[in-house]
Amino acid sequence: MRGVSEYTATLIVAIITLAAGAAIFIYSYAIVDSYYSALLRASEEVEQGSSAAILASYIALPGTLVVIGSTGSSPATPRAVYINESLATACSLYFNNTSVSLPQSSATPTPIPPYTAFVIKCPVGSATEHAFVKLVFDGGEAIAKAGRIG
Amino acid sequence: MGVRLLPKQVELARGISAVIGAAILLAVMMLFAAFYIVALDKLATASQEALKRVSEAGASTATLSSVKAVWSYDGSNVVIHMENQATKTVLVVAIAIVYADGSYTVASRANGSIQAFVVIDGTATNKLQLPLGVPPAKSLTITMDAEGKRPISASIAIEASPVVAVVAAEKRGQVPVPTARAVGIELVAPGATTWLGKAAIPTTKSGTTNKSYPQHLESIPIDYTIARTGRGAVTYTDFEVYPVPGWTARGGVWSSASGYKGGALRGADNNGGLGGASQYYYNTDLSQQYSSLWVSAKTRLVSGVGFHGIALLNGGRNRLYAIVVATGGRVEVWSYNVEARNGWQRLAQATIPGYSSANWYTIVTRYAVAQNAVNFYVYVYDTSGNQVASLTTSSTHRRRFTPAYVGVIVDGVTALFEDFIISAADPRYVTVSGLGGGYVVVIDNLGDTVGSAANGASVSVSVVSDIVVGTGVDGKIRVYDSNGDLVAEYVASDCILGGDSYALYPRLYSASFSDVASLSNVVQLFSANVSLSLTTNTSTTLDLYVNGTLVVSRDVSGGFSDSIPIPSNLLQGAQVFNVTLVLKALSPFQVVVSVLQVSGFGYFEDHVIDAHLLGSGTEIRFYNATELISASSLEPLYNVSTYVQFNGSVAIAYNSTNYVLYMVNGSGVYAWNPLGWSLETDGCRAVGPGARVEVVESFIAVLPGEPSSYVCVYDASRDVAYNISLATYRFYRYTASAVNGTSIVFTALDSRGGVVLASLDLLTNETRQLAVVPLSCAAGLAVDGSRVYIVSCGLWRGITGVDRSGIGVWIYSARAGVSNLVIIANTSAVRLLECCDRVEVYRNTLITVDAQNILVIDRASDLEEEKSVAIYAT
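Cut-offs used in this document
Residues numbered from 1 in each chain as written. Chains lettered and ligands numbered in written order. Predicted model: local features only at pLDDT ≥ 70, side-chain atom pairs only at ≥ 80, totals over all residues. Helix = DSSP H or I, 4+ residues; strand = E, 2+ residues; numbered from the N terminus. Contact = placed C-beta atoms within 7 Å. Buried ≥ 20, exposed ≤ 12 C-beta atoms within 10 Å, placed from the backbone. Pairing = 2+ DSSP bridges. Axes fitted to C-alpha atoms, helices over the stretch in contact; angles between N-to-C directions. Nonpolar A, V, L, I, M, F, W, Y, C, P; charged D, E, K, R; others polar. Core = buried A, V, L, I, M, F, W, Y, C linked by C-beta atoms within 7 Å. UniProt positions renumbered as here; feature names shortened; annotations may be inferred. pLDDT = per-residue confidence, 0-100.

A. Representation of the overall build of chain A. Of regular secondary structure, chain A possesses one helix and nine strands. Its helices and strands in sequence order give chain A the pattern α-β-β-β-β-β-β-β-β-β, from N to C terminus. Once local pairs closer than 6 in sequence are excluded, the contacts in chain A between residues at least 24 apart make up 65%.

B. Layout of the overall build of chain B. Scanning chain B from N- to C-terminus turns up three helices and 63 strands. Counting over 874 residues, chain B shows a buried share of 45%. Once local pairs closer than 6 in sequence are excluded, the contacts in chain B between residues at least 24 apart make up 63%.

C. Quick look at the sheet that holds strand 46 (residues 668–673) of chain B. Residue and element names in this part refer to chain B. Here four strands make up an open sheet; going across it, the order is 44-45-46-47 and the pairing antiparallel. Across the chains shown, the open sheet's two edge strands, defined by having one partner strand only, are strand 44 (651–655) and strand 47 (676–681). Here the average twist between neighbouring strands, direction ignored, is 30°. Where strand 44 and strand 45 (residues 660–665) come together, five bridges link them in antiparallel fashion. When the bridges of strand 45 are listed, Ile652 appears paired with Met663.

D. Here's a closer look at the interface of chain A and chain B. With 43 residues of chain A at the contact, the number on the chain B side is 46 residues. Every element with two or more residues in the side of chain A that touches chain B is listed here: helix 1 (6–48), strand 1 (52–60), strand 2 (64–71), strand 7 (117–123) and strand 9 (140–149) of chain A. Among the elements that make up the side of chain A that touches chain B, the one with the highest residue count is helix 1 of chain A (19 residues). In terms of residue class, the side of chain A that touches chain B is made up of 26 nonpolar, 14 polar and three charged.

E. The environment of Gly447 of chain B, seen in detail. Within the secondary structure layout, Gly447 of chain B lies in the loop between strand 31 (439–443) and strand 32 (449–454). A tally of 8 C-beta atoms within 10 Å means that Gly447 of chain B is categorised as exposed.

F. Quick peek at the nonpolar core. All names here are of chain B. Counting residues in hydrophobic clusters, the biggest one holds 97 residues, and the most contacted among them are Ile652, Tyr662, Val664, Val693, Ile700, Ala701 and Val702. The element contributing the most residues to this core is strand 37 (residues 522–546), with nine residues. Excluding anything up to four places from it in sequence, Ala701 contacts Val693, Glu694, Val696, Val711, Val713, Ile744 and Leu762. Listed in part, the 92 residues of the second largest apolar core include Leu312, Ile323, Leu416 and Ala488.

G. Spatial organisation of the pairing of strand 19 (residues 253–258) of chain B. Residues and elements named next belong to chain B. Bridge analysis of strand 19 against strand 20 (residues 263–268) gives six bridges, and the strand direction is antiparallel. Bridged to Ser258 within strand 20 is Gly263. What sits between strand 19 and strand 20 in their antiparallel hairpin is a turn of four residues, with Gly262 showing a positive phi close to 75°.

H. Main features of the sheet that holds strand 2 (residues 77–84) of chain B. Residues and elements named next belong to chain B. With antiparallel pairing, the five strands of this open sheet are ordered in space as 1-2-8-5-6. Looking at which strands have only one partner, the edges of the open sheet turn out to be strand 1 (67–73) and strand 6 (123–129). Adjacent strand axes in the sheet meet at a mean angle of 25°, parallel and antiparallel pairs treated alike. Pairing between strand 5 (residues 113–120) and strand 8 (residues 138–145): four bridges, direction antiparallel. Across the sheet, Ile120 pairs through a bridge with Leu140, a residue of strand 8.

I. Focus on the UniProt feature "transmembrane region" (unreviewed entry) in chain A. The sites that UniProt annotates as "transmembrane region" (unreviewed entry) are residues 7–30 of chain A. Here residues 7–30 of chain A is 100% helix and 0% strand, with 34 Å between the C-alpha atoms at its ends.

J. Looking closely at the environment of Ala200 of chain B. All names here are of chain B. Relative to the helices and strands, Ala200 resides in strand 12 (residues 192–200). The exposure class assigned to Ala200 is buried, which follows from the 25 C-beta atoms found within 10 Å. Sequence separation between Ala200 and Asp606 is 406 residues; the distance between their C-alpha atoms is 8.8 Å. If sequence neighbours within four positions are ignored, Ala200 has contacts with Val523, Tyr603, His607, Val608 and Tyr659.

K. A look at unusual backbone geometry. In the segment running from Leu102 of chain A into Pro103 of chain A, the intervening peptide bond is cis, with an omega of 0°. In this structure, Pro131 of chain B follows Leu130 of chain B across a cis peptide bond, with omega equal to 0°. Along the chain, Pro131 of chain B turns up in the loop between strand 6 and strand 7 (132–134). The phi angle at Asn342 of chain B is positive, at roughly 50°, despite the residue not being glycine. Examined against the element boundaries, Asn342 of chain B turns out to sit in the loop between strand 24 (330–340) and strand 25 (343–351). Residue Asn342 of chain B is classed as exposed on the basis of its 9 C-beta neighbours within 10 Å. The residue Asn547 of chain B is not glycine, and still its phi comes out positive at about 50°. C-beta crowding within 10 Å serves as the criterion here: with 14 such atoms nearby, Asn547 of chain B is assigned to the partly exposed category.

L. Broad picture of the confidence of the model for chain B. Residues and elements named next belong to chain B. Averaged over all residues, the pLDDT of chain B is 82; the fraction at 70 or higher stands at 84%. Summarising per-element confidence for chain B, the mean pLDDT is lowest in strand 63 (residues 870–872) (21) and highest in strand 27 (residues 374–381) (96). Counting contacts from residues 795–834, a segment whose pLDDT is below 50, to residues more than four positions away or on other chains yields 120 contacts. Taken over the whole predicted complex, pTM reads 0.51, whereas the ipTM for its chain interfaces reads 0.72.

Structure representation (structure tokens):
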């Protein structure tokens, strides 16, 4: 019987082995790279999470929650306001003669420029004395407590 | 053939395959090696990045924690103060101020340039442009208009890359905001010292008088003289001597004898006179001049039987009338050689009841020659002046005669005679006119009353008991007023006789006036004056009496107005002044007193007030503390000149118990009251800047100032001065002090040069450190219960438990004994004198003194809690 040429067999085996090795390398690299990317992203989030700060938050009569904040050297894109862990659906963001409704979920949200103070106003119940406010940015959040004044 | 060797070709192929296989295995191994190298590199890079991020975040947090920020509100502006104590520049990104009404002010880059007063490390600008970099170890002060609203929170966002927000805010929403308000005082020179407490304000106060003015006065005569205006006596004798000049005896044995008062005439009948009796008579013919006269004599029987009395002889001395007391106890009128030729005839007789031959009887008779008769009116009196008998008779015979010679007669008896008078007026009485309601007394030489009469403008005093008063030369007339006070006295230069007339003449006129002026609430008077204004219509002398003491005597003519000081010896403990004016003149006058007032200068209970004493320039001013805390400007109630400059080496204190002001300077401790300064002691003195003095009971504690390390105490009750060593503490130019109970509380430097708050109990001499003071210097200090207030004059230095910082002037409060001071108010409006700033606490207000103002700071309760500063970092 005439067998497969040894060259052919060796070649086939070599091809198969290289293909398998390449596949394993590619697969492993993808895993490592994904971890790397995640680590970098997390590291960047440390920075982005501090990209805005709340200067004051209070409840002014009649039933309006006021949050005053400021951005730093990076722009910040507020997405939503949570009041007492519930999504506030009727908040307005004001900065630099600009008004934006929150939450904003569009693909092209309006960012707040660097070094800019902003004010967010949300309606709350008129009897509300205290509120726990969470402002969610792209890549971060800021938390404050608000008490009623006036 | 069965076994065949492998062909060489086969071996070659196997070798090639082996080589290929080895190469493949090598390639696979290299792939794995490359994979691990790449993977590790990725992981290392990622780890370094993560570490870098974490490190940056940590550094930012550390930077932020070194940035201190506080804010304050002065009533119109919000002042945000920030200090960058980090090692890198931070960026102020945004400012947010929230007001009590819910509104807010936000500033960031988007606002561009806004109006604000910005000071970075001493450089000021009127524009604020964010973001604003603050270099390391620099401070930033931003003053923004509060727009009439009351801020409750002020926050600043700063970036230290990555962004962090620093929020300076009050803890609560409703905050009582301290306000500082300046009361202009215009210090004439730098330097001030203060004291606050109960003080007596030297005051001039007018007394209340009982009477209203003007008062119209009319003078009254006060000094009288008595003059004799008439004498009825033709002749008189008290028979003090014998023979009586001008008398002649006809018969009888006449001699001098002892009588009722003084001497008397003794006559013994020897039947040698007319009618067989004996006469002794005034040898002057009265018949040509008088047809009617009164004759009186006092007589007493010595011995014999017959009669004795008055004889009236005719010019030829061959006829007589005799009005006599007969030894039978009768008064009888006889004629001789009238009704019966050359014989006696009794014309009338009347019995004398209770007659005693041992008694003296006064015979008073009046004869009056009428056309057809000679009428006799006869009265007999005893020695008490009581009329015991009387009769009236007439001689109508043609041989009747007008009596020419009048004398005495004895017939058959020996008798004594006194008080003989021949008078044209009724000798029984002395008439005194000019009386004004008093009474008159006629007194004999023994001081016994001869007669008296009261009331009436003109009175007749009966002197019938002693018609020739006394012994004829030494009687007196005294006139008394209705109060029984002697008004005038007449001492006879010759004698007082019945029938005399006297008049009382005013010699001096006077108007007097009294009023009582009362000063109320007197504590101590240092001087007092009587303000007097009056007008007289003639020249007078004025005597002014205060509480019975003659204060001044002046000649006053016309208008008079003056303020007359009351001698200091009358002021001791006095507050009621009885003021009496006495004006005198030689003629009647009128006075109009338009003003009579007493004013006193001194201390009064209703002028002991809460006072703020401010020593500046060269004087000490007394301010009303109650008014000071509400007034926009205030005039001092009183100024005291000190003659020395308040330059930090001179200080004042006040003793509220005895109202004495003390001042210490380089010469000693001086005490002041409105009379002036006096050296209290030179045993305690100031030695340099920072000198202080405090009063605790009888102790005067002197903190001598830089560079001393002791407290000098002068015990005024024992008059001794001694030093209390402070050991590790020393005074310096920023020493401040106050009194707390029996202790003095003061700031001093400790052995390391730090400022401490310490106390010294002057009763036990115990020194105690109360607190470490976070100040580089403390100029003013006040104690209110358990709190100590300090006005600082520089940066404070942090201590445990006080996580705040500030620059400028701050006032701190501390619980005594607890070394934890907290800011209660930022009074950055104060312009410092440094060593000479002061603070006093009064009710709910702090009163500070700076270079140009008294600064009044209203403080609410728990204010120090309200102003606590919180720092947040995200």
